[in-house]
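# Descriptive analysis of the structure
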Amino acid sequence: MRTLLVWMAGSLGLALGVPLAMANGWNMPVGVTDVSREIHSLHMTIFWICVIIGVVVFGVMFYSLFRFRRSKGAKSAHFHENTTVEVIWTAVPLLILVGMAVPATATLKKMYDASDAELDVMIIGQQWRWRYEYLGEDVAFTSNLGTPRDQIRGAEARGEHYLLEVDEPLVLPINRKVRFLMTSDDVIHSWWVPELAVKQDTIPGFVNENWVRINEPGIYRGQCAELCGMDHGFMPVVVHAMEEEDFDAWLAERKEAAEQEAMGVDREWELAELMERGEGVYGSICASCHQAEGQGSPPAFPALAGNQRLIDDLEWHLDTVINGVSGTAMPAFRSTLNPVEIAAVVTWTRNAWGNDTGEAVQPADVAERLAQ
Amino acid sequence: MSDSTREDSQRYPGVRRTVVRTVAALVGMFAFAFALVPLYDVFCEVTGINGKTRGSAQALIHEEVDESRMVTVQFITRSGSGLPWNLDVETRQVRVHPGQSAEVNFAFHNRSDSGSWGRAVPSVSPSSAAPHLRKMTCFCFEEQHLTAGERLELPLVFQVARDLPSDVNTLTLVYTLYPVTRDKAPLQARATAGKGDEA
Amino acid sequence: MAPKLPPHHPVEQSTASAAGGQASAHHAPPRGLLRWLLTTNHKEIGSLYLIFSLIMFFIGGIFALVVRAELFQPGLQLVNPEFFNQMTTMHGLIMVFAAVMPAFTGLANWMIPLQIGAPDMALPRLNNFSFWLLPVAFLLLLSTLLMPGGGPNFGWTFYAPLSTTYAPPSTTFFILSLHIAGISSILGAINIVATILNMRAPGMRMMDMPLFVWTWLITAFLLIAVMPVLAGVITMMLMDINFGTSFFNAAGGGDPVLFQHLFWFFGHPEVYIMILPAFGIVSAIIPTFARKRLFGYASMVYATASIAILSFLVWAHHMFVVGLPLVAELFFMYTTMLIAVPTGVKVFNWITTLFRGSITFEPPMLFALAFVVLFTIGGFSGLMLAIAPADFQYHDTYFVVAHFHYVLVPGAVFAIMAGVYYWLPKWTGHYPNVKLAQWHFWLSVIGVNLTFFPMHFSGLAGMPRRIPDYALQFADFNLVSSLGAFMFGASQLVFVAVVILCVRGGEKAPAKAWEGAEDLEWSVPSPAPLHTFETPPTFQRHEH
């Protein structure tokens with residue numbers, strides 16, 4: 001019986017434990033924050049507890065199955081109750097659980113302490129992109145899937161970070177406590193980066209809090225974890241963690257760029273210029289619903305190509321883009337896109353795919369509309 | 001009831017009683033599901049789950065101001081889709097002592113050329129702080145109507161109660177603007193009605 | 001392992017009750033289709049439930065295979081993301097509400113009256129009605145796939161506001177079909193409670209009932225308690241969608257998280273509704289083939305009851321990342337961990353029943369043993385998921401998918417199959433073909449593990465659930481899962497073959513088809529005549 005048990009223990013341990021414990025990409029990442037390390041060690045502890053219980057329980061089970069077979073002449077015993085063992089196997093698991101609950105409680109308390117943050121970032125889930133606002137810094141941008149649609153369709157070879165790449169990652173400093181305030185503009189999403197051990201639902205109308213202090217610079221990838229509609233699988237999260245001084249430089253640069261962009265509002269733009277800019281905006285923001293060729297996906301997502309109302313009614317078109325349509329997937333873009341981007345994308349949709357209105361919408365007009 | 005049922009219920013007199021009881025339990029549980037909605041609201045107001053704040057004005061508690069402690073209250077305004085309004089706050093954050101009351105002005109602006117109804121829905125983070133944020137005056141208690149191009153400045157008067165958990169030193173108050181469809185308003189009254197009466 | 005059928009000793013068949021059942025002349029039932037439409041006989045209704053559930057198992061299985069085919073390799077090949085979401089949603093809804101639940105109700109209809117010595121269910125006509133609601137409900141649900149905008153695409157958990165404000169127009173029909181299915185379950189549960197409480201054979205106390213009856217009694221109470229809550233939630237959704245209320249709409253002052261609280265208040269007991277009767281079946285099969293009384297009968301009953309009570313106190317462990325306050329997280333973490341205790345007691349009892357038994361490996365026993373091992377693995381991952389901090393990493397990943405498929409497929413579904421193999425001789429009078437059943441078993445076990453074991457790894461490595469396409473590092477896991485899924489799916493055709501062959505013929509089974517079987521159902525002839533226990537049998541208690 002002893003050899004059998006050892007054999008069982010050994011093989012089960014090898015089969016389950018070794019790949020989990022050793023191999024990369026088979027197990028939960030250790031991560032790059034203190035919290036993620038604690039969670040990883042909780043995970044491994046409870047895993048090994050399960051393995052040990054499993055070896056004992058399945059060991060006894062398979063021993064019985066081999067030893068007490070009728071074909072080997074086993075005669076059945078008659079016992080069917082034993083208060084002592086029943087008490088033991090109720091009490092022992094209870095003690096193990098208490099032992100497990102103690103460290104879990106400590107870690108959970110730590111995870112819930114978002115106080116004394118040095119930087120606040122608002123994370124907003126939108127169908128199907130993330131928006132990041134650095135509170136008090138006047139820096140905000142949306143982060144869209146960076147993988148070309150051709151790779152998804154298989155028309156192009158898939159890159160190393162297929163579906164886990166974005167046009168603009170969230171940039172964070174290392175060694176600083178960053179507080180996330182999380183909400184959503186439409187349905188519930190969930191912002192998740194495994195190596196930061198942050199997963200938090202973003203809920204429309206409500207704010208959630210979480211925090212992170214990253215120990216090592218690097219690029220960390222994750223995805224939306226809560227089913228949020230059609231392109232749920234296509235809204236990755238990428239966090240670029242930088243040394244503190246690099247981050248400060250980046251933030252200053254972004255502020256300056258935002259000012260530059262603001263100045264672009266005042267000048268007169270050429271149609272071709274707007275079209276070029278608009279095509280880019282359309283591709284990253286609009287195409288996921290209204291499709292690359294503007295054919296949409298009715299009834300949820302109306303076609304834009306050949307849409308008579310859009311062609312005839314510039315007012316309505318601008319209003320829809322700026323204010324969104326309540327109760328549908330069309331969000332308000334007035335705080336997501338800047339006047340240049342709105343003017344460009346409206347110009348593009350009014351002139352692409354045979355919509356040929358020839359109209360160029362000037363950023364200055366959009367800005368005036370936004371400020372009115 | 002059917003013949004065979006009657007037959008059986010004569011033979012098994014307990015059946016009728018069991019059926020009556022289980023049906024009563026069913027009705028009770030269905031009602032309970034709906035009762036959970038107001039219960040949840042009350043529960044949230046007491047415990048602050050989800051950072052819901054009271055939907056109606058609370059009285060200022062006169063308590064000694066805790067000079068030894070400073071709490072940062074941040075304000076964030078957001079606009080949902082379908083309402084051409086802006087909501088701005090005059091200051092991004094204020095620092096207050098627990099027990100002290102403070103006033104902050106919020107500016108509503110209807111950018112469109114027609115009147116509309118809107119509502120600012122509040123949410124507090126961390127949620128454990130929500131029951132300790134007492135609002136004496138808030139635009140969020142009722143729906144607002146703005147005529148075309150109208151600008152409206154409305155105050156929020158609040159107090160952070162002294163019993164705020166000691167580990168909280170930053171409170172974030174987020175207001176999200178949502179359109180109100182007025183023709184549906186009577187049916188939409190659940191939240192409003194539920195919040196009208198003080199618990 | 002070379003399972004052998006036990007030698008058949010023709011057992012005395014002429015208990016007074018059984019003979020009485022056969023002899024009694026009843027007015028001639030209608031023939032053909034009408035007979036099945038109007039039947040009030042618990043055995044016929046039981047068969048209807050089981051056939052319906054088998055058909056739905058295949059339909060839900062085909063949806064799963066569409067999902068697995070799309071996930072076979074990275075990229076979008078076969079379906080678009082919208083249809084993919086409809087497939088994951090329909091797979092879940094059909095499997096939960098149309099396959100697993102009706103299968104257990106079918107077994108209950110067939111076996112509970114036989115196991116407690118009752119002539120039929122307490123409310124036979126209601127029984128007929130509750131069955132025929134099911135095809136109506138699920139035809140309606142399946143028809144939403146053809147409606148403009150497609151069928152439900154928001155997951156079987158249908159979280160608001162994705163399922164309300166942002167839902168396809170067919171959602172109203174989805175709600176209606178769920179209401180009908182819910183009413184069917186409720187009526188079934190009332191009937192089962194009324195039968196068990198009032199119609200036991202004279203002398204059979206509650207603590208004498210077979211565990212399948214006990215677990216079903218507790219399950220029926222759970223159904224009565226939580227199905228109305230589900231009805232309440234979907235009614236609120238219906239009102240939000242069609243009548244402008246704002247239960248779950250933040251814009252109107254509602255709260256999307258309230259939906260999740262209400263849903264999981266129903267949903268967690270629902271999870272146990274799908275596993276408790278399985279415990280009962282396994283608790284009947286293991287003693288039979290170990291030829292030894294079940295160890296710890298009383299503790300089995302208490303453990304089942306504790307699991308049922310705890311199931312009302314753990315719902316928010318499905319919501320660890322929605323931003324609950326710390327106190328709530330801790331409370332639900334502790335209660336959830338506590339469930340491991342009664343569940344552990346059950347597993348220990350089964351294993352101790354095997355210990356020093358005289359074990360043989362007939363097909364029902366194979367499935368029951370696989371149930372014990374694989375359900376326990378699902379229990380282990382459940383224990384891991386209970387650790388709230390770690391759940392922040394596990395939540396909504398394939399680790400969770402692996403977990404609940406381990407408890408539902410080799411858990412609930414294997415137990416149903418074990419039950420079918422166990423009672424087929426009673427239903428048909430023939431033993432199922434052993435060779436084919438063994439093929440079915442081994443292919444299923446290998447298929448199930450190939451499908452779901454790699455999901456633990458892909459989930460831990462970071463693959464979220466419900467995505468139609470995935471990053472390249474998950475490709476190998478998904479390839480294996482998809483191959484396993486097709487293997488498991490195909491092997492169920494063997495099961496259908498076994499059942500059909502068994503109905504048509506095979507080795508004749510005596511009344512007591514398994515020599516170690518003890519309960520009352522083995523005292524009536526095989527196949528069980530249409531009417532049994534018209535005169536209540538006298539129940540003989542175990543003497544020890």
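Residues numbered from 1 in each chain as written. Chains lettered and ligands numbered in written order. Predicted model: local features only at pLDDT ≥ 70, side-chain atom pairs only at ≥ 80, totals over all residues.

Looking at an unreviewed UniProt entry, one finds chain C named Cytochrome c oxidase subunit 1 and attributed to Halomonas campaniensis. One UniProt comment on chain C, placed under Pathway (unreviewed entry), says "Energy metabolism; oxidative phosphorylation." Quoted verbatim from the Catalytic activity (unreviewed entry) field of the UniProt record, the comment on chain C reads "4 Fe(II)-[cytochrome c] + O2 + 8 H(+)(in) = 4 Fe(III)-[cytochrome c] + 2 H2O + 4 H(+)(out)". (UniProt positions renumbered as here; feature names shortened; annotations may be inferred.)

Looking at an unreviewed UniProt entry, chain A carries the name Cytochrome c oxidase subunit 2, with the source organism given as Halomonas campaniensis. On record in UniProt, under Sequence similarities (unreviewed entry), the comment for chain A is "Belongs to the cytochrome c oxidase subunit 2 family."

### Notes on the overall build of chain A
Of the regular secondary structure elements, chain A holds 10 helices and 10 strands. Taken over C-alpha atoms, the radius of gyration comes to 28 Å for chain A, far larger than the 21 Å a tight globule of 372 residues would show. Looking at chain A as a whole, 44% of its 372 residues are labelled buried. Considering only intrachain contacts with a sequence separation of at least 6, the fraction spanning at least 24 residues in chain A is 66%. (Helix = DSSP H or I, 4+ residues; strand = E, 2+ residues; numbered from the N terminus. Rg over C-alpha atoms; globule rule 2.2 N^0.38 Å. Buried ≥ 20, exposed ≤ 12 C-beta atoms within 10 Å, placed from the backbone. Contact = placed C-beta atoms within 7 Å.)

### Looking at the domain arrangement of chain A
Residue and element names in this part refer to chain A. Domain annotation of chain A identifies domain 1 (2-68 + 82-111), domain 2 (119-261) and domain 3 (265-371). Put simply, the middle of domain 2 and the middle of domain 3, counted by C-alpha atoms, are 24 Å apart. Between domain 2 and domain 3, the contact holds 13 residues from the first and nine residues from the second. A class-by-class count of the residues in the side of domain 2 that touches domain 3 yields two nonpolar, four polar and seven charged. (Domains from an automatic or database assignment. Nonpolar A, V, L, I, M, F, W, Y, C, P; charged D, E, K, R; others polar.)

### Side note on the packing of helix 4 (residues 81-116) of chain C against helix 6 (residues 171-198) of chain C
Working note: a packed helix pair is described by the angle between its axes plus the distance between those axes. Residues and elements named next belong to chain C. With their axes 11 Å apart at the nearest point, helix 4 and helix 6 run at an angle of 20 degrees to one another. Between helix 4 and helix 6, the angle falls in the class roughly parallel. Note on packing geometry: the crossing formed by helix 4 with helix 6 is left-handed. Contact with helix 4, carried on its side by Phe 97, Met 101, Thr 105, Ala 108, Ile 112, Pro 113 and Ile 116, involves Ala 181, Ser 185, Gly 188, Ile 192, Thr 195 and Ile 196 of helix 6 and no other residues of that element. Class assignment for the residues of the contact of helix 4 with helix 6 results in nine nonpolar, four polar and no charged. (Axes fitted to C-alpha atoms, helices over the stretch in contact; angles between N-to-C directions. Parallel < 35°, antiparallel > 145°, perpendicular 65-115°, else oblique. Left-handed = near helix turned anticlockwise from the far one by under 90°.)

### Describing helix 10 (residues 363-371) of chain A
Residue and element names in this part refer to chain A. If you check which residues of helix 10 are buried, you get Pro 363, Val 366 and Arg 369. For helix 10, the angular spread of the buried residues around the axis is 120 degrees, confining them to a single face. Exposed and facing more than 90 degrees away from the buried side of helix 10 are Glu 368 and Ala 371. (Arc of directions from axis to C-beta.)

### Things to note about the interface of chain A and chain C
Contacts between the two partners involve 78 residues from chain A, matched on the other side by 77 residues from chain C. Looking at the side of chain A that touches chain C, the elements with two or more residues in it are helix 2 (34-67), helix 3 (83-111), helix 4 (149-153), strand 7 (198-202) and strand 9 (218-224) of chain A. Tallying contributions element by element places helix 3 of chain A first for the side of chain A that touches chain C, with 14 residues. Among the residues forming the side of chain A that touches chain C, the class breakdown is 44 nonpolar, 21 polar and 13 charged.

### Focus on the confidence of the model for chain C
Residue and element names in this part refer to chain C. For chain C, per-residue confidence averages 91 on the pLDDT scale, and 94% of positions sit at 70 or higher. A low-confidence stretch, residues 1-25 (pLDDT under 50), is modelled with 46 contacts involving residues beyond four sequence positions or located in other chains. With pTM at 0.88, the complex prediction returns an ipTM value of 0.88. (pLDDT = per-residue confidence, 0-100.)

### Concerning the sheet that holds strand 7 (residues 144-146) of chain B
Note: strands within a sheet are paired through backbone hydrogen bonds, in either parallel or antiparallel orientation. Residue and element names in this part refer to chain B. Across the sheet, five strands lie side by side as 3-1-9-5-7; this open sheet has mixed pairing. Among the strands making up the open sheet, the edge pair consists of strand 3 (93-96) and strand 7. The mean inter-strand angle of the sheet, taken between neighbouring strand axes irrespective of direction, is 30 degrees. (Pairing = 2+ DSSP bridges.)

### Examining the nonpolar core
Among the nonpolar cores identified, the biggest contains 325 residues, and C:Val100, C:Val233, C:Val282, C:Phe371 and C:Ala418 are the most heavily contacted of them. Beyond its immediate chain neighbours, meaning those up to four positions away, C:Ala418 contacts C:Ile281, C:Val282, C:Ile285, C:Pro364, C:Phe367, C:Ala368 and C:Phe371. Counting residues in each nonpolar core, the second largest holds 20 residues, with A:Leu274, A:Val281, A:Val340 and A:Ala343 among its members. (Core = buried A, V, L, I, M, F, W, Y, C linked by C-beta atoms within 7 Å.)

### Some details on the UniProt feature "domain: Cytochrome oxidase subunit II copper A binding" (unreviewed entry) in chain A
When the UniProt feature table is mapped onto this chain numbering, "domain: Cytochrome oxidase subunit II copper A binding" (unreviewed entry) sits at residues 116-253 of chain A. Taken end to end, residues 116-253 of chain A is 11% helix and 43% strand, and its two terminal C-alpha atoms sit 26 Å from one another.

### Let's talk about the UniProt feature "transmembrane region" (unreviewed entry) in chain A
As annotated in UniProt, the feature "transmembrane region" (unreviewed entry) corresponds to residues 45-66 and 87-106 of chain A in the numbering used here. In the segment residues 45-66 of chain A, helix accounts for 100% and strand for 0%; the C-alpha atoms at its two ends are 31 Å apart.

### Looking at the packing of helix 4 of chain C against helix 5 (residues 124-143) of chain C
Residue and element names in this part refer to chain C. At a minimum axis distance of 12 Å, the contact between helix 4 and helix 5 shows a crossing angle of 165 degrees. Put simply, helix 4 runs roughly antiparallel to helix 5. Judged by the sense of rotation from one axis to the other, the crossing of helix 4 with helix 5 is left-handed. Every residue of helix 5 that contacts helix 4 at Leu 93, Ala 98, Pro 102 and Asn 109 is listed here: Asn 127, Leu 134, Phe 138 and Leu 141. For the contact of helix 4 with helix 5, the class distribution of residues is six nonpolar, two polar and no charged.

### Quick notes on the environment of C:Leu38
All names here are of chain C. With respect to the secondary-structure elements, Leu 38 resides in helix 2 (residues 32-38). A residue is classified by how many C-beta atoms lie within 10 Å of it, and Leu 38, with 13 of them, is partly exposed. Taking the C-alpha atoms as reference points, Leu 38 and Gly 117, separated by 79 residues in sequence, lie 24 Å from one another.

### Notes on the sheet that holds strand 1 (residues 119-126) of chain A
Residues and elements named next belong to chain A. Here five strands make up an open sheet; going across it, the order is 3-2-1-5-8 and the pairing mixed. The two strands at the open ends of the sheet, each matched to only one other strand, are strand 3 (139-143) and strand 8 (208-212). The mean inter-strand angle of the sheet, taken between neighbouring strand axes irrespective of direction, is 25 degrees. Sheet analysis places strand 5 (residues 178-184) next to strand 8, joined by five bridges and oriented antiparallel. Paired with Val 178 across the bridge in strand 8 is Val 212.

### What about the UniProt feature "domain: Cytochrome oxidase subunit I profile" (unreviewed entry) in chain C?
UniProt's feature table lists "domain: Cytochrome oxidase subunit I profile" (unreviewed entry) at residues 36-540 of chain C, given in the numbering used throughout. From the first C-alpha to the last, residues 36-540 of chain C spans 35 Å; its make-up is 68% helix and 0% strand.

### Here we look at the environment of C:Phe84
Residues and elements named next belong to chain C. Following the sequence through the fold, Phe 84 ends up in helix 4. Classification of Phe 84 by C-beta neighbours within 10 Å gives buried; the count is 24. For the pair Phe 84 and Trp 214, spaced 130 residues apart in sequence, the C-alpha separation works out to 40 Å.

### What about unusual backbone geometry?
In this chain, A:Gln127 is followed by A:Trp128 through a cis amide linkage whose omega measures 0 degrees. Relative to the helices and strands, A:Trp128 resides in the loop between strand 1 and strand 2 (129-134). With a phi angle near 60 degrees, C:Arg356 is a residue other than glycine that sits in the positive phi range. Tracing the sequence through the fold places C:Arg356 in the loop between helix 11 (326-354) and helix 12 (363-386). Judged by local crowding, C:Arg356 falls into the partly exposed class, with 18 C-beta atoms found within 10 Å. With phi around 50 degrees, C:Phe533 is a residue other than glycine that occupies positive phi space. Here C:Phe533 is to be found in the segment after helix 16 (475-504). Residue C:Phe533 is classed as buried on the basis of its 25 C-beta neighbours within 10 Å.

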